[in-house]
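Geometric and topological summary
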Amino acid sequence: WSEGPRRLGADKNGNFVYVCNWWGGTVAKIDIHTQKVTMISLPNPNAQQPYHATVDKDHNVWIDMMNADTVMKFNPKTSQWTEYPLPTLGAETRYISLLEKDGSMQVILPYSRARKVARMTLRSKEEMQALKSQAQQEQGRAQLR
């Protein structure tokens, strides 16, 4: 009962399965060949409750924090966590899905409590710069009017 495993995610192009430990504030990384289990602690294990894990094509592990209104990404190569806050409070996310298509990725999260679906579109630095340039051009045109 000390860990409270919830929904797991497998790296379909790798050798690991990740299990979210709801009460433990950890993620279990299980090697499918040796069955060795490595416990990965979240940045704030007393306040973060991982619920569902899924793995992208680059082996990053995406996890929804059901009661924290955030999504976390774990990079197993660097052991670094990245936190993405959700735009709605009280979302209670219990599922996470990835859509990887045409070189881009979207993170899909149904909100159980808020009756919404969130779609996060992850953009490259180049895409962000292009959006910034476009916004600046539109702002310049608006000032000329």
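The shown structure was predicted, so the numbers you read here are calculated from the model rather than taken from an experiment.

Considerations on the overall build of the protein
For the protein, the helix and strand inventory stands at one helix and eleven strands. Listed by position from the N terminus, the elements making up the protein come as β-β-β-β-β-β-β-β-β-β-β-α. Each of the three principal axes of the protein carries a C-alpha extent, and together these read 65 × 30 × 25 Å. Looking at the protein residue by residue over its 145 residues, the buried ones come to 37%. Pairs at least 24 residues apart make up 31% of the contacts formed inside the protein by residues separated by at least 6 positions.

A word on the sheet that holds strand S11 (residues 116-122)
Spatially, three strands are ordered S9-S10-S11 in an open sheet, and the strand pairing comes out antiparallel. Two strands lie at the open edges of the sheet, namely strand S9 (97-101) and S11, each paired on one side alone. Across the sheet, the mean angle from the axis of one strand to that of its neighbour is 20°, orientation sign disregarded. As paired elements, S9 and strand S10 (residues 104-111) share five bridges and run antiparallel to each other. By the bridge assignment, Glu100 is partnered in S10 with Met105.

Structural notes on the pattern of salt bridges
Tallied over the entire structure, the rule returns one salt bridge. Here Lys57 and Asp58 are joined by a salt bridge, their closest N and O atoms 3.4 Å apart. Residue class for Asp58 comes out partly exposed when judged on its relative accessible area of 38%.

A short note on unusual backbone geometry
Not every positive phi belongs to a glycine, and His59 is a case in point at roughly 75°. For His59, the position within the fold is in the loop between strand S5 (50-55) and strand S6 (61-65). The class for His59 is partly exposed, based on a relative accessible area of 23%. Non-glycine residue Ser79 carries a positive phi angle of around 60°. Within the fold, Ser79 resides in the loop between strand S7 (70-75) and strand S8 (80-85).

Reading the values: rules and limits
Residues numbered from 1 in each chain as written. Predicted model: local features only at pLDDT ≥ 70, side-chain atom pairs only at ≥ 80, totals over all residues. Heavy atoms only, no water. Helix = DSSP H or I, 4+ residues; strand = E, 2+ residues; numbered from the N terminus. Buried < 20%, exposed > 50% of the residue type's maximum accessible area, 1.4 Å probe, protein only. Contact = heavy atoms within 4.5 Å. Pairing = 2+ DSSP bridges. Axes fitted to C-alpha atoms, helices over the stretch in contact; angles between N-to-C directions. Salt bridge = Lys/Arg side-chain N within 4 Å of Asp/Glu carboxyl O.

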